[in-house]
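Descriptive analysis of the structure
Here are the chains, one letter per residue:
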Amino acid sequence: MNPQPDSRWTVAGVELGSRLLLGTALYPSLQVLGDAVQASGTEVLTVGLRRLQPEQGGGNTFWQRISAMGKHILPNTAGCHSAQEAITLAHMAREIFNTAWIKLEVVGDDYTLQPDPFGTVEAATVLARDGFQVFAYTTDDLVVAMRLRDAGCAAIMPWAAPIGTGRGPINPGALATLRQRLPDAVLVVDAGLGKPSHAAQVMELGFDAVLLNTAVAQAGDPVRMARAFGLAVQSGRAAFEAVPIAERVSAQASTPTVGTPFWHGA
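Now for a look at the structure at hand. (Residues numbered from 1 in each chain as written. Predicted model: local features only at pLDDT ≥ 70, side-chain atom pairs only at ≥ 80, totals over all residues. Heavy atoms only, no water.)

Considerations on the nonpolar core
Under the convention used in this document: Nonpolar core, defined: a set of buried Ala, Val, Leu, Ile, Met, Phe, Trp, Tyr and Cys residues in which side-chain atoms within 4.5 Å join the residues together. Using a 1.4 Å probe on the protein chains alone, a residue whose accessible area is under 20% of its type maximum counts as buried, one over 50% counts as exposed, and one in between counts as partly exposed. Put simply, DSSP H or I for four residues or longer makes a helix, DSSP E for two residues or longer makes a strand, and each gets a number counted from the N terminus. In what follows, a contact means two residues having at least one pair of non-hydrogen atoms within 4.5 Å.
By size, the foremost hydrophobic cluster in this structure holds 62 residues, and its most contacted members are Ile 66, Leu 104, Leu 127, Val 134, Val 210, Leu 212 and Val 216. Looking at this core, the element that brings in the most residues is helix 3 (residues 83-97), giving 7 residues. Excluding anything up to four places from it in sequence, Ile 66 contacts Thr 24, Leu 33, Leu 45, Val 47 and Ile 73. Ranked by size, the runner-up nonpolar core spans 16 residues in total, among them Leu 16, Ala 154, Ala 155 and Val 188.

Describing the packing of helix 5 (residues 142-151) against helix 6 (residues 172-181)
Quick note on the threshold: The axes are straight lines fitted to the C-alpha atoms, using for helices just the contacting stretch, and the angles between their N-to-C directions are given from 0 to 180°. By convention, the crossing between two helices is left-handed when the near helix turns anticlockwise from the far helix through less than a right angle, and right-handed when the turn is clockwise. The nonpolar class holds Ala, Val, Leu, Ile, Met, Phe, Trp, Tyr, Cys and Pro. Asp, Glu, Lys and Arg form the charged class, and all remaining residues, Gly among them, are polar.
Direction vectors running N to C along helix 5 and helix 6 enclose 35°, while the axes themselves pass 10 Å from each other. Considering the relative orientation of helix 5 and helix 6, their crossing is right-handed. When helix 5 is examined against helix 6, the residues Leu 142, Ala 145 and Met 146 are found in contact with a partner set consisting of Thr 177, Leu 178 and Arg 181. Counted by class, the contact of helix 5 with helix 6 contains 4 nonpolar, 1 polar and 1 charged residues.

Observations concerning the packing of aromatic side chains
Put simply, the rule reads: Only Phe, Tyr and Trp rings take part, Trp by its six-membered ring, and two of them pair if their centres are within 6.5 Å. Stacked means planes under 30 degrees apart, edge-to-face means over 60, and tilted covers everything else.
Counted under the stated rule, the structure contains 2 aromatic pairs. When the ring of Trp 63 is compared with that of Phe 97, the centres are 4.8 Å apart and the planes differ by 70°; the resulting orientation is edge-to-face. In this pair, Trp 63 sits in helix 2 (residues 60-68) while Phe 97 sits in helix 3, placing the two residues 34 residues apart along the sequence. Between Trp 101 and Phe 135 the ring centres are 5.1 Å apart and the planes differ by 45°, which places this aromatic pair in the tilted class. Within this pair, whereas Trp 101 is found in strand 6 (residues 101-104), its partner Phe 135 is found in strand 7 (residues 133-138), the two being separated by 34 residues in sequence.

As structure tokens, this is what we get:
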């Protein structure tokens, strides 16, 4: 899948063609994972270091397959419950994967998996100072997003809904506010998307990209779903750049009748 010529974007100093970032967990097989990655057109893959470390025997096959895909690797700190835990894991990831990119996740609640805003900001501040390009997973809270911007994050990644729920944007107004108030920040919607239409919806708001995993990996046909999400992201971005018409309260005919020579009164 080739991106549109005007869809290229830059994050953490790297220019990318695809605005879809894809997770690598939960796929039924490595073959399906590889086929889905190719079908999606993605150039960035996330990998959970806590769940799988490439230098350990159990992860060798997986890591070899991921490496062979030639994509940018975005390690994540999934499963961490404190800032210090995430900081330690990020430093391990930099050594293992040879990248300064890190998807920062600090869990604040085990039931909703809602990120801890205080621990996330604390860890982001330290990691940015240590030379990391931080992709910070957060909620749609504007103030937290502003703090993450001020901490020096390369990308701020608000959820659309709790991770793995597939509900789509539960608060599109908050997401729209984030885009309006942080016009110069790289914003990537991460978590909660379930359908390609959800991805198109947030991209139409002007978000730079989306990141998802479960919606593709656990679909009935992950490969076709990956392709569908890739197309939806392109479509949503194209719609945003085309500038949609403003919403109106009252109806307005697309073919006005007043003043035309073919209007006949009753």
